[in-house]
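# Examination of the molecular architecture
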Amino acid sequence: MKKGNLLILCMAVLLSSCASEFNKVYKTADNDYKYEFAKQCFAMGKYQQASTLLQDLVLIQKGRDNAQECLYLLGMAQYGNRDYESASATFKKYYSSYPKGTFAEQASFYVGQSLYQSAPEPRLDQTPTVGAINAYQQFLDLFPDSELRPIAQQRLFDLQDNLVQKEYLSAELYYNLGGYFGNINANTESNYEACIITAQNALKTYPFTKIREKFSVLIMKSKFELAENSSEEKKLDRYRDAEDECYGFLNEYPESKECATAEKFIAKCKKITKD
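Below, the structure is looked at part by part. Since we're looking at a predicted model, the values are computed, not measured.

## Some details on the nonpolar core
Residues Leu54, Tyr72, Phe91, Tyr94, Tyr110 and Phe215 are the most contacted members of the largest nonpolar core, which totals 57 residues. Not counting residues within four places of it along the chain, the set of residues in contact with Leu54 comprises Tyr35, Ala38, Cys70, Leu73, Leu74 and Ala77. Within the second largest apolar cluster, 15 residues are counted, among which are Cys246, Leu250, Tyr253 and Cys269.

## Some remarks on the pattern of salt bridges
As enumerated under the stated definition, the model contains 14 salt bridges in all. Ionic pairing is found between Asp32 and Arg64, a salt bridge with its closest N-O pair at 3.1 Å. Separated by 32 residues along the polypeptide, Asp32 in helix α2 (residues 31–43) and Arg64 in the loop between α3 (47–61) and α4 (67–80) bring together distant segments of the chain. One salt bridge connects Glu252 with Arg212, and the closest N-O pair in it is separated by 2.7 Å. Placement of the pair is Glu252 in helix α11 (residues 232–252) and Arg212 in helix α10 (residues 212–228), with a sequence separation of 40 residues. Here the residues in one salt-bridge network are Glu189, Glu193, Lys234 and Arg238, joined through shared partners.

Thresholds applied
- Residues numbered from 1 in each chain as written.
- Predicted model: local features only at pLDDT ≥ 70, side-chain atom pairs only at ≥ 80, totals over all residues.
- Heavy atoms only, no water.
- Core = buried A, V, L, I, M, F, W, Y, C linked by side-chain atoms within 4.5 Å.
- Buried < 20%, exposed > 50% of the residue type's maximum accessible area, 1.4 Å probe, protein only.
- Contact = heavy atoms within 4.5 Å.
- Salt bridge = Lys/Arg side-chain N within 4 Å of Asp/Glu carboxyl O.
- Helix = DSSP H or I, 4+ residues; strand = E, 2+ residues; numbered from the N terminus.

Written as structure tokens, this is what we have:
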């Protein structure tokens, strides 16, 4: 028999043996043995098997000395198995059941951590992101001296960046839609106005964001385009507003690559407002 085939055969026998042992433990009425086997599975990284056994044991162990550990291990097994939704629910259950428990601090942290792992990319709905932010903030409030505090704080910054990026993508979409129609109409104006409002609100909510300049660029460009695409009775005031915005941009970002754009807009605005 070739070595490759022999190795495959050995692996198959081993896996069959492991599956047989797991099934035997799963069906046993010896809950203490089942619990020890579940902990062994967890230690070996067999999170699915550990989770399956611990699910059955949680209710049985309730009221016993190892009830806390059993519930916490279930959460960690679910987390290790990347079942983040279940893990978050289990950690919440642990903390609500044992707010002063042995693993209360870790459980509170892993509520946020589980939600963090399932947070979507910025283009998608950010409800899980908001949930993770709230969970981490609660952890920091409850355990201000925790050794896990630096990790939780960094996670908060990362999650807030997701929310900021979501707002930027929304503002950028409005800006791009504003120029899509190619002529003066209500849709053009409303899209540029929506871009301005979305970007300004984002800067109020996240004044220290790393992409502050990108929001400012969108506001400046939108105000200029809004003036360009306005009806005659609105043009003058909007060009003046755009000119002020450009000067403000130059003052705040004198080294920006968009300074030339701001200066070009100012020249155009002055030509209109002086006539």
